[in-house]
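Read off the chains here:
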Amino acid sequence: MGSTISWHIEKHASGDVGGLQIHNQRLTNHHSNKRIDVSKSHENLHAQSIRQKFGEMSYLERDC
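All values reported here derive from a predicted model rather than from experimental measurement.

## Considering the overall build of the chain
Scanning the chain for helices and strands turns up 2 helices and 0 strands. Per-residue burial for the chain yields a buried fraction of 5% across its 64 residues. Summing over all exposed atoms, the chain offers an accessible surface of approximately 6,600 Å²; the carbon and sulfur share of this is 51%.

As structure tokens, then:
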């Protein structure tokens, strides 16, 4: 079975970014979705960390 990546992109005002970051990185213990397993949060990928890891490397050059 192949791997898949799903992207959800939205435009927000700069003042909203701090709260969104706290929400998306699950930095609080107040989750409306009770099925969230915070012990797996370290497995989440973030666009910034992907860019730092691969930079401008082409897809074929990546070893992942």
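Alright, that's what it looks like, and here's the rest.
## Notes on the environment of Val38
Here Val38 shows up in the loop between helix H1 (17-24) and helix H2 (47-54). Owing to a relative accessible area of 45%, Val38 belongs among the partly exposed residues under this scheme. Each C-alpha atom, one on Val38 and one on Leu27, is 9.4 Å from the other, the two residues being 11 residues apart in sequence.

## Quick look at a nonpolar patch on the surface
On the surface, a cluster of nonpolar side chains totalling about 420 Å² of accessible area is made up of Ile5, Trp7 and Ile9. Take Ile9: its relative accessible area is 73%, and that puts it in the exposed class.

Rules used throughout
- Every chain is numbered on its own, with residues counted from 1 as its sequence reads.
- Predicted model: local features are reported for residues with pLDDT of at least 70 only, side-chain atom pairs are reported and counted for 80 or more only, and whole-chain, interface and lining totals are derived from all residues.
- Working from all heavy atoms in the structure, the side-chain values ignore hydrogens and water.
- Runs of H or I in DSSP of at least four residues are treated as helices and runs of E of at least two as strands, each being numbered from the N terminus.
- Exposure classes here rest on a 1.4 Å probe applied to the protein chains alone. A residue is buried below 20% of its type maximum, exposed above 50%, and partly exposed in between.
- Exposure was quantified through the Shrake-Rupley algorithm and a 1.4 Å probe, taking into account, for residues, occlusion by the shown protein chains and nothing else.
- What goes into a patch is any residue over 30% in relative accessible area without a salt bridge, connected to like charges within 9 Å or, for nonpolar side chains (Val, Leu, Ile, Met, Phe, Trp, Tyr), within 5 Å.
- A carboxyl oxygen of Asp or Glu within 4 Å of a side-chain nitrogen of Lys or Arg is what we treat as a salt bridge.

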